[in-house]
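Chain and residue survey
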Amino acid sequence: MPATPAWPPRSAPRLFVNGPLAMGAAVTVEGNQAHYLASVMRVREGDAVILCDNLTGEWAARVVSAGKREVVLEPAEKLREREQVPDFWLCAALLKRDRFDLVLEKASELGVRRIQPVLARRCVADKLNLERAGAIVTEAAEQCARTALPELAEPVRLDALLRGWPGDRTLFFADELGGEPAAKAFAANPGPAALLIGPEGGFDDAERAAVRALPQARAIGLGPRILRGETAAIAAVSLWMAAAGDW
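Report on the accompanying structure.

Each value, and the rule that gives it
- Residues numbered from 1 in each chain as written.
- Predicted model: local features only at pLDDT ≥ 70, side-chain atom pairs only at ≥ 80, totals over all residues.
- Heavy atoms only, no water.
- Phe/Tyr/Trp six-rings, centres within 6.5 Å; stacked < 30°, edge-to-face > 60°.
- Helix = DSSP H or I, 4+ residues; strand = E, 2+ residues; numbered from the N terminus.
- Buried < 20%, exposed > 50% of the residue type's maximum accessible area, 1.4 Å probe, protein only.
- Lys NZ or Arg CZ within 6 Å of the ring centre and 35° of its normal.
- Expected span 1.5 Å × (residues − 1).
- Contact = heavy atoms within 4.5 Å.
- Polar contact = N/O pair within 3.5 Å; in protein donor to acceptor, adjacent residues only side chain to side chain.

Here we take up the packing of aromatic side chains. Enumeration over the complete set of coordinates arrives at four aromatic pairs. Between Trp89 and Trp165, the ring centres sit 5.7 Å apart and the planes meet at 75°, which makes this aromatic pair edge-to-face. A residue pair is termed long-range when its members are at least 10 positions apart, and Trp89 in strand β6 (residues 88-93) and Trp165 in the loop between α4 (158-163) and β10 (170-174) qualify at 76 residues. Comparing Trp89 with Trp165, the two get one shared label, buried. Measuring from centroid to centroid gives 5.7 Å for Phe173 and Phe203, while their planes differ by 50°, and the two rings are tilted. With Phe173 in strand β10 and Phe203 in the loop between β12 (193-197) and α6 (205-213), this residue pair connects regions lying 30 residues apart in the sequence. A residue is classified by how much of its surface remains accessible, and Phe203, at 1% relative accessible area, is buried. Positioned above the aromatic ring of Trp89 is the side chain of Arg114, whose terminal nitrogen or guanidinium carbon lies 5.3 Å from the ring centre. Above the ring of Trp89, the side-chain terminus of Arg169 is found at 3.8 Å from the ring centroid.

Spelled out as structure tokens, the structure:
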């Protein structure tokens, strides 16, 4: 006899939806998500879709009905609890749109808890479409089989960020003028922590002095080369995650 196919199949599409999800409680998706399921993935009644709600975890759901404008799904089996997320924030200065898109995508893949866009004097960009940014973060999480989404905050000016900085959270400051080797600093401070990355051209002298004056700030170096903003963010987050044991 032929083997019974695994359910849900590994090829099942994945979506984040509004929750909370519960066994047998129907979920209706509309708009772009319905188009993706019905027209791109061509799901049909009885097919499997993996759902996450950023609250309860990951669920296997069956398609109840699939139309062009809405798809109805019924959670049938809970697969995983919501993943534990390290207490690490990325505070990244806004870059040109395509470069900041990359930061959003990779920060979501790597598992940061919060993404805080920062406005500095040398930022080329001065605004962020949060709806579009949220879609980038969500799609990255779906493609990487994550069960949690990072919190995406409104952009804030650097001086305001520093004024409201939590007293119990270390702020690692990637300073192109140098600092303690990042790997050593990260290993000694597992969290709560955050990483501050500057814009093209870096922070100016006044901004750098303001950051260094913050008691919770620790200047770090990222090696002998000057890295672009998006490279510095991705490399440093990866290094922190490795030091924290998340890899």
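It is worth spelling out helix α3 (residues 130-143) at this point. Look at α3: 20 Å from first C-alpha to last across 14 residues, which is about the 20 Å you get at 1.5 Å a residue. Buried within α3 are the following residues: Ala133, Ile136, Val137, Ala140, Ala141 and Glu142. Looking at the buried residues of α3, the elements they touch are β1 (14-16), α1 (31-40), α2 (97-110), β7 (114-119) and β8 (151-152). At the N-terminal end of α3, a side-chain oxygen is found 3.1 Å from the backbone nitrogen of Glu131, two or three residues along, and the residue is Asn129. Remark: Ala145 follows α3 within two positions and exhibits a positive phi of approximately 60°.

These results come straight from atomic positions and should not be treated as a statement about function.
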